Amino acid sequence: MKHLLSIADLGADGIEEVLRLTDKFVEVSGRSIPKVPALRGKTVVSLFYEDSTRTRLSFETAAKRLSADTMTFSVSSSSVNKGESLRDTVETIEAMGIDAVVVRHRSSGVPWRVASWVDASVINAGDGWHEHPTQALLDSYTIRSRRGRLDGLRIAIVGDVKHSRVARSDVLAFTALGAEVVLVAPPTLLPPSLEGWPVTVSHQLDGLLASVDVIYLLRLQRERMTEALIPSLREYRAMYGLTAARVGCLRPDTLVMHPGPMNRGVEIDAEAAEDRRSVITAQVANGVAVRMAVLYLLLGSGVDLVGAAEPVGAVAVAAS
Amino acid sequence: MPRTTVMDPSDLRRAVTRIAHEIVEHNHGLEGVALIGLQTGGVPLAHRLHEALLSIEGEEVPVGTLDVAFYRDDIGLRPVLPEEVTEIPFDLTGLVVVLVDDVLYTGRTVRAALNALNDYGRPRAVQLAVMVDRGHRQLPIRPDYVGKNLPTRFDEQVDVSDGGVVIGDVVAGLDR
């Protein structure tokens, strides 16, 4: 496997393999020197056409902990401002000799285009409303590490599903691993068609609170809204926000999750974000280990993820 | 190709006992000694050595495990995935670490292990115990404690298990 563009590229076995490898990198991250030489001499470029704090830093930290070199490309200080096209930018960067490009772009599908232009591995770090596979992997890992498994869990994804690439990747990953997903949102914040999505839909949050194992709040993406999709933030919070009162209705073992950045007081109240059921900071911490696993699988392992359940190297390593 | 048993379970037990005695003798006791088994073949041996040392000296030495996959020098040349956990629940700084593996061959696994150990602390000394030294070293590495010296061809495979040591079965592509 060369690129990670969509969760669908991995399938259930591939996701399991990433999560299994993530365990090893969690161990590495816990050491006094949290760094291994596995990707020495490799260069990883982050190419971010959209703002990001945690994803970019998380990828760069992951690359550094694998001893890879990192380069950061930020649009605001680049020749994009002189009108350089995406393709020219990508080809210029590749000419410098790189092994992986981590791409974020406001348009869906850009990572696929980039992958068709370069020899390097391409990792989708979020394309428009479409996908954000490493977020889904770290979310799956976080749930699995707290609850032991995803199979049979009931997961509510609440809020701005329409504009959310996190929701799309999460639905694919969670259902592939056997969880049941309920989307909770007003009709205006759901995609026009949910045909083929392996989910159920509810427009009502309160009735679900006691029955879910995970409640996943999505950020209300006001920067992507071109029309009035909700009457007001206050009404949105009243209907769909995870308020302190609603947190009280959750079971003690329900996990509260959010991909960040949070709009506190809109989709999630400060009390809910800091509740002991919240694993929001664990999501960020696991993000580094998950991205180490992805970078290692693409750049170092030499393992083709499809059918990776049987590590080809196991026998040879044991014999040496 | 026929498989030949070169050590039976009793031979293995005697070798473990002898190596344990040598570790005690060499280090004038077990003060500051720790065992680290290399995943996966070295781990059961490390635990057997721990038992043997306990019955000889009545002292518990700490035991850890180490998977060196991320430190190997053939990453990118062939598939390398970690198989098992690394667990070193103690600080190595100042200890005498005895690395334990089942078979010593090219020496590259031990080289990787030496690198990995540095990330866990600075041992006072590192020693190497192996059940079988099969030759064909590609690096200047030698064991301190050996169960059996076993001349082999490079294309043979040596298996160590509780059932003993078996040699045979050509392994394709072992060109390391």
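Residues numbered from 1 in each chain as written. Chains lettered and ligands numbered in written order. Predicted model: local features only at pLDDT ≥ 70, side-chain atom pairs only at ≥ 80, totals over all residues.

**Re the environment of Thr200(A)**
How we decide: A run of H or I in DSSP becomes a helix once it reaches four residues, and a run of E becomes a strand once it reaches two; helices and strands are each numbered from the N terminus.
On the secondary structure map, Thr200(A) appears in strand S7 (residues 199-202). Separated by 19 residues in the primary sequence, Thr200(A) and Arg219(A) have C-alpha atoms spaced 20 Å apart.

**As for the nonpolar core**
Residue and element names in this part refer to chain A. This is how the line gets drawn: In plain words, the nonpolar core is the set of buried Ala, Val, Leu, Ile, Met, Phe, Trp, Tyr and Cys residues that C-beta atoms within 7 Å link up. Exposure in this text rests on C-beta crowding, where 20 or more other C-beta atoms within 10 Å of a residue's own make it buried, 12 or fewer make it exposed, and counts in between make it partly exposed. The C-beta atoms are placed from the backbone. Here, residue contact means that the backbone-derived C-beta atoms of the two residues sit within 7 Å.
Counting 145 residues, the largest nonpolar core has Ile 157, Val 158 and Leu 295 as its most contacted members. It is helix H10 (residues 280-299) that provides the largest number of residues to this core, a total of twelve residues. If sequence neighbours within four positions are ignored, Leu 295 has contacts with Leu 39, Val 44, Ala 62, Ala 63, Leu 66, Ala 68 and Ala 100.

**What about helix H6 (residues 165-176) of chain A?**
All names here are of chain A. Applicable threshold: Expected span of a helix: the number of residues minus one, times 1.5 Å.
With twelve residues, H6 ought to run about 16 Å at 1.5 Å a step, and its terminal C-alpha atoms sit 17 Å apart, in line with that. Across the twelve residues of H6, eleven count as buried, placing the element largely inside the fold. Considered for burial, the residues of H6 that qualify are Arg 165, Val 166, Ala 167, Arg 168, Ser 169, Asp 170, Val 171, Leu 172, Ala 173, Phe 174 and Ala 176. Gly 178 lies just past H6 and shows a positive phi near 100 degrees.

**Here we look at the sheet that holds strand S8 (residues 214-217) of chain A**
All names here are of chain A. Heads up, the condition is: We call two strands paired when DSSP finds no fewer than two bridges between them. All axes are obtained by fitting lines to C-alpha atoms, using only the stretch in contact for helices, and the reported angles, taken between N-to-C directions, cover 0 to 180 degrees.
In space, the five strands of this open sheet follow the order S7-S6-S5-S8-S9, with parallel pairing throughout. Where the open sheet ends on each side, the last strands, each with one partner, are S7 and strand S9 (255-257). Mean inter-strand twist for the sheet, computed between neighbouring axes without regard to direction, equals 20 degrees. Across four bridges, the pairing between strand S6 (residues 180-184) and S7 is parallel. Across the sheet, Leu 183 pairs through a bridge with Val 201, a residue of S7.

**Quick word on the domain arrangement of chain A**
All names here are of chain A. This is how the line gets drawn: Residue ranges for the domains trace back to a domain assignment, done automatically or taken from a database.
Here the domain parsing of chain A yields domain 1 (7-131 + 283-303) and domain 2 (133-280). Summarising the inter-unit geometry, the C-alpha centres of domain 1 and domain 2 are found 25 Å apart. With 24 residues of domain 1 in contact, the opposing surface of domain 2 contributes 23 residues. The set of elements that each furnish at least two residues to the side of domain 1 that touches domain 2 consists of helix H1 (11-29), strand S4 (121-127) and H10. For the side of domain 1 that touches domain 2, the leading source of residues is H10, giving seven residues.

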